[in-house]
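# Architecture and fold: a report
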Amino acid sequence: MFTLMVVVFVLGYIAIALEHPLKIDKAASALLIGTITWALYVFGGVDILSSGVSTAWNEFALANPDKDTVDGMMKFIVHDEVLHHLSEIAAILFFLLGAMTIVEIVDQHQGFKIITDKIKTTNKVKLLWILSILTFFMSATLDNLTTTIVLVALIRKLIDDQKDRWFFASMVVLAANAGGAWSPIGDVTTIMLWIGGQVTTLNIITRVIVPSLFTMLVPLLIVTTYIKGNITRPEISGGDEKSTPHIKNNYLSYV
């Protein structure tokens, strides 16, 4: 059963990666993966936990030897595993709702116009460097997910061609993750380590900023050799100037 879960996950992940050729929305593939794998886990939970592949169950059984039974395994899956993962997913969704609310409010008051008016260049290389560096440092002060949402919304106001938007958005995601790694508040992982006392602010900045910068600059330099030409700015009418598209699946729906 555990092997079957792995197979389902791999096939589902391939379906997500091939969303455009298959013409199947990645949200549908992800929901299908989650439903099938959790169903397989429930039906084959006893065999899976008994095989010793679950570190969480091994630690739980070691701390609670009286619950190392079939009934105890099922309760562990329902009350510990399911609720634990649901709480993590809920936390991400609530975070996204808050982040998107901020983006919508800023956009309704033309907050992005302050930045777009300052960016005059239409050269793809210059614009890519400006947005990547801006993303790198913004993600360290905000966090990588919120910064990505904000910059992707900004890209929509700077670039008209959809393929160019996808290209720039991909580099923004990379720069946001690189920038969020060297700040204690730049990523969920660093925040957890910082709150837990595993890292200090000064140490994580001084020791990780150079690798993070390297992580952004290497792909940026590679990408720079492939792109050329100028971008076309979208024509924004008075009625559309304050509108931001709704999020359908995730923040990349902006592009």
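Everything discussed here concerns the structure shown above.
Residues numbered from 1 in each chain as written. Predicted model: local features only at pLDDT ≥ 70, side-chain atom pairs only at ≥ 80, totals over all residues. Heavy atoms only, no water.

## Re the overall build of the protein chain
On a plain count of helices and strands, the protein chain comes out with 12 helices and zero strands. In the protein chain, the order of α-helices and β-strands from amino to carboxyl end is α-α-α-α-α-α-α-α-α-α-α-α. Considering the protein chain as a whole, with its 255 residues, one finds that 34% of them fall into the buried category. When contacts within the protein chain are restricted to residue pairs at least 6 apart in sequence, long-range pairs at least 24 apart make up 72% of them. (Helix = DSSP H or I, 4+ residues; strand = E, 2+ residues; numbered from the N terminus. Buried < 20%, exposed > 50% of the residue type's maximum accessible area, 1.4 Å probe, protein only. Contact = heavy atoms within 4.5 Å.)

## Points about the side chain of Ser183
Residue position: Ser183 is located in the loop between α10 (162-181) and α11 (188-195). Using a relative accessible area of 6% as the deciding quantity, one classes Ser183 as buried. Once residues lying within four places of it in the same chain are set aside, the contact partners of Ser183 are Ala140, Thr190 and Ile204.

## Brief notes about the nonpolar core
A general trend in soluble globular proteins is that nonpolar side chains are found buried together. Counting residues in each nonpolar core, the largest one holds 31 residues, and the members touching the most others are Leu127, Leu131 and Phe168. Broken down by secondary-structure element, the contributors of at least two residues to this core are α6 (70-108), α8 (124-141), α9 (144-158), α10 and α12 (201-224). For this core, the element with the most residues is α9, which contributes nine residues. Each residue touching Leu127, except ones within four places of it in the same chain, is listed here: Ile119, Thr121, Leu158, Ile159, Phe168 and Ile231. (Core = buried A, V, L, I, M, F, W, Y, C linked by side-chain atoms within 4.5 Å.)

## Quick notes on the side chain of Thr147
Note on placement: Thr147 falls in helix α9. Contacts of Thr147, omitting those with residues within four sequence positions, involve Thr135, Met138, Ser139 and Leu142.

## Examining the packing of α8 against α12
Packed helices, taken two at a time, are described by their axes: the angle between them and the distance between them. Where α8 meets α12, the closest approach of the two axes is 11 Å, and the angle between their N-to-C directions is 165°. As summarised for this structure, α8 and α12 are arranged roughly antiparallel, according to the angle between their axes. Handedness of the α8/α12 crossing: right-handed. On α12, the residues that touch Val125, Leu128, Trp129, Ser132, Ile133 and Phe136 of α8 are Ile209, Ser212, Leu213, Met216, Leu217, Leu220, Leu221, Val223 and Thr224. Counted by class, the contact of α8 with α12 contains 12 nonpolar, three polar and no charged residues. (Axes fitted to C-alpha atoms, helices over the stretch in contact; angles between N-to-C directions. Parallel < 35°, antiparallel > 145°, perpendicular 65-115°, else oblique. Left-handed = near helix turned anticlockwise from the far one by under 90°. Nonpolar A, V, L, I, M, F, W, Y, C, P; charged D, E, K, R; others polar.)

## Re the pattern of salt bridges
Considering all chains together, one arrives at two salt bridges under this definition. Residues Glu19 and Lys26 are paired through a salt bridge, measuring 3.3 Å at the closest nitrogen-oxygen approach. On the basis of relative accessible area, Glu19 is assigned to the buried category, the value being 16%. According to the relative accessible area criterion, Lys26 is partly exposed, its value standing at 23%. Of the charged contacts, one joins Lys124 and Asp164 as a salt bridge, the two residues approaching to 3.4 Å between their closest N and O atoms. One end of the pair, Lys124, is in helix α8; the other, Asp164, is in helix α10, and 40 residues separate them in sequence. (Salt bridge = Lys/Arg side-chain N within 4 Å of Asp/Glu carboxyl O.)

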